[in-house]
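# Structural characterization, general
Take a look at the letters that make up each chain.
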Amino acid sequence: MNILMIYPKPDKHKKPRFGFSYEMLTIATVLSKYHRVHIKDFSCESFDECEFIEYVHRENIDIALVECDSYALKRSQNILHAARIIDILNQYITTIAYGNYCYITKSIFGNAKHTITENEINNVINCINQFEEHNQIPHIKAYDEVPYINRDMLLKIPYYQENAKNTLLQTSKGCENTCIFCQRKGWQCCYVTHSDDYVLGEISNIKSNGFQNVWITDENFTFNLSRAKRLVKKIIQANLHDNLRFFISSWANIDEEFLDLAKQCNVRIISFGIESGNAEILRFYRKNINIDKVPQIIRYANSIGIFTVGNFIIGAPMETEVTINETFELIKRCELDQVNIKNLDYMIGSSLYELLDDKLKTEDHIFACFENGLNEFKLNDIKRIKETFLSEYYKSHRSTIEKKIQIHGTPF
């Protein structure tokens, strides 16, 4: 069969950043061993309805799988465009909806002929197999049986041609942290890891195909710190780090030994989930980190040339000007190279969303603000406070970043 994988455009336009749907490419790789698979990624391709319909006819597409994301590449849902695409395609071919939004809501998506509601690739396989009696795709019985993603499948898309030195790598899925704001629990409740040999094999494959920048997509690469250290040591021992640069997400519960290994392994950026500088708010978020140790870890990473990103949230129910300033003071002490500050968002799928009064659950996400009765700050005031601080912080920190680049080079 001719199968079309589609990633719709996000509901709200955001500044593009490199990335692709790892799930879409994993499914496409599995299906491509048995069927002809095509990919359309409208997060980076323009959409023209007439051209799209012509493409579907020209390529004799039989089935379309449409990804309905809830935490999209540009940090926004893409369900509006997904619904529109499904309505268009229903006139001509069979449509299958899948993706994080479907896994969270556990309900039929829009007018899709089929909806995959569990985050399990065998459910996709079962759905496809019902259309081909004599070309049955076998089930995948273990995480290590998932094939390395075929990154070449993206290269017909100009955006990925232009970013041909960048790719993603997934060494684990899920996270056993208890953060109540995290939406990922809605679609990935268990934590699974690839074996060391699997990861080393895929990195070797990545390297042999000429990639240079590897973004590890694990929710928290250092969640199992002993595993993270062991993997990094093996990458170094196998000399796989030469001519590669790695970028990871981490919590702050790491140590200087890991940072030394990361530096040796050419880890160029570590993005830290810190969230707040106030202990009470961290307890509310169920974020299990010791904020007293955070500045020491971040400053050490800075000192050895690893670029650091700090991710923070303001707007908890007990948030005050004092607690916001505590967070801002922590950021200053850490001397982070980049700072991301989000307004607390009660997102569908998170434990936090479940705490909302049912009257507020009119949308898939609700910002914490005075207007919604969730804290003492008006939404525009939270935005102003955040933007004012960031503007001042980057002005005062610019010379430090420039000096770091002079010594250690740019992160990319």
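Across four bridges, strand 6 (residues 166-169) lies against strand 9 (residues 213-216) in parallel orientation. Looking across to strand 9, one finds that N166 is bridged to N213. Judged from the three bridges that link them, strand 9 and strand 10 (residues 245-251) form a sheet pairing that is parallel. In the sheet register, V214 faces strand 10, and the bridge partner there is F246.

Working definition: two side chains of opposite charge can pair if their charged atoms are close together. Applying the stated rule across the entire model yields 16 salt bridges. Measuring nitrogen to oxygen at the nearest pair gives 3.3 Å for the salt bridge that ties E49 to R84. Residue E49 is found in helix 2 (residues 49-58), and its partner R84 is found in helix 3 (residues 79-89); the two are separated by 35 residues along the sequence. Here R84 falls in the partly exposed class, since its relative accessible area comes to 38%. In this structure, E59 and R58 form a salt bridge, with 3.8 Å as the shortest nitrogen-oxygen distance.

Here we take up a positive patch on the surface. A surface patch of positive charge is lined by K12, K14, R17, K342 and K383. If you trace the backbone, K383 turns up in helix 14 (residues 379-408).

Attention now goes to unusual backbone geometry. Positioned with a positive phi, N243 is a non-glycine residue whose angle comes to about 65°. Its location among the elements puts N243 in the loop between helix 8 (225-237) and strand 10. Within the chain, N266 stands out as a residue other than glycine whose phi angle is a positive 65°. Following the sequence through the fold, N266 ends up in the loop between helix 9 (256-264) and strand 11 (267-275). Of the residues examined, N266 reaches a relative accessible area of 26% and is grouped as partly exposed.

Another aspect to go through is the nonpolar core. Side chains that are nonpolar tend, in soluble globular proteins, to be buried together. Formed by 135 residues in total, the largest nonpolar core has its most connected members in M5, L65, I128 and F258. Element by element, the count of residues in this core is highest for helix 1 (residues 22-32), at seven residues. Once residues within four sequence positions are removed from consideration, L65 is found in contact with I3, L4, M5, I6, I27, L31, I96, Y98, V124 and I128.

So, about the side chain of Q77. Within the element layout of this structure, Q77 appears in the loop between strand 3 (63-67) and helix 3. The class of Q77 is buried, set by a relative accessible area of 15%. In this structure the side chain of Q77 is engaged in a polar contact, spanning 3.3 Å, whose partner is the side chain of S70.

With that settled, the discussion passes to the side chain of N177. With respect to the helices and strands, the residue N177 is situated in the loop between strand 7 (172-173) and strand 8 (192-193). Ignoring any residue separated from it by four or fewer positions in sequence, one finds N177 in contact with K185, N220, F223 and W251.

As a further point, take the sheet that holds strand 13 (residues 338-343). In space, the six strands of this open sheet follow the order 6-9-10-11-12-13, with parallel pairing throughout. Both edges of this open sheet fall to strand 6 and strand 13, since each of them pairs with a single strand only. Neighbour-to-neighbour, the strand axes of this sheet turn through a mean angle of 20°, independent of strand direction. Of the pairings in the sheet, the one linking strand 11 to strand 12 (residues 307-314) comprises six bridges and is parallel in character. Note that in strand 12 the partner of S271 across the bridge is V309. Of the strands in this sheet, strand 11, strand 12 and strand 13 touch helix 12 (residues 321-334), which is tilted by about 180° from strand 12.

Conventions used here
Residues numbered from 1 in each chain as written. Predicted model: local features only at pLDDT ≥ 70, side-chain atom pairs only at ≥ 80, totals over all residues. Heavy atoms only, no water. Pairing = 2+ DSSP bridges. Helix = DSSP H or I, 4+ residues; strand = E, 2+ residues; numbered from the N terminus. Salt bridge = Lys/Arg side-chain N within 4 Å of Asp/Glu carboxyl O. Buried < 20%, exposed > 50% of the residue type's maximum accessible area, 1.4 Å probe, protein only. Patch = residues over 30% accessible without salt bridge, like charges linked within 9 Å, V, L, I, M, F, W, Y side chains within 5 Å. Areas by Shrake-Rupley, 256 points an atom, 1.4 Å probe, with all protein chains shown as cover. Lys, Arg positive; Asp, Glu negative; His and termini not counted. Charge placed at Lys NZ, Arg CZ, Asp CG, Glu CD. Core = buried A, V, L, I, M, F, W, Y, C linked by side-chain atoms within 4.5 Å. Contact = heavy atoms within 4.5 Å. Polar contact = N/O pair within 3.5 Å; in protein donor to acceptor, adjacent residues only side chain to side chain. Axes fitted to C-alpha atoms, helices over the stretch in contact; angles between N-to-C directions.

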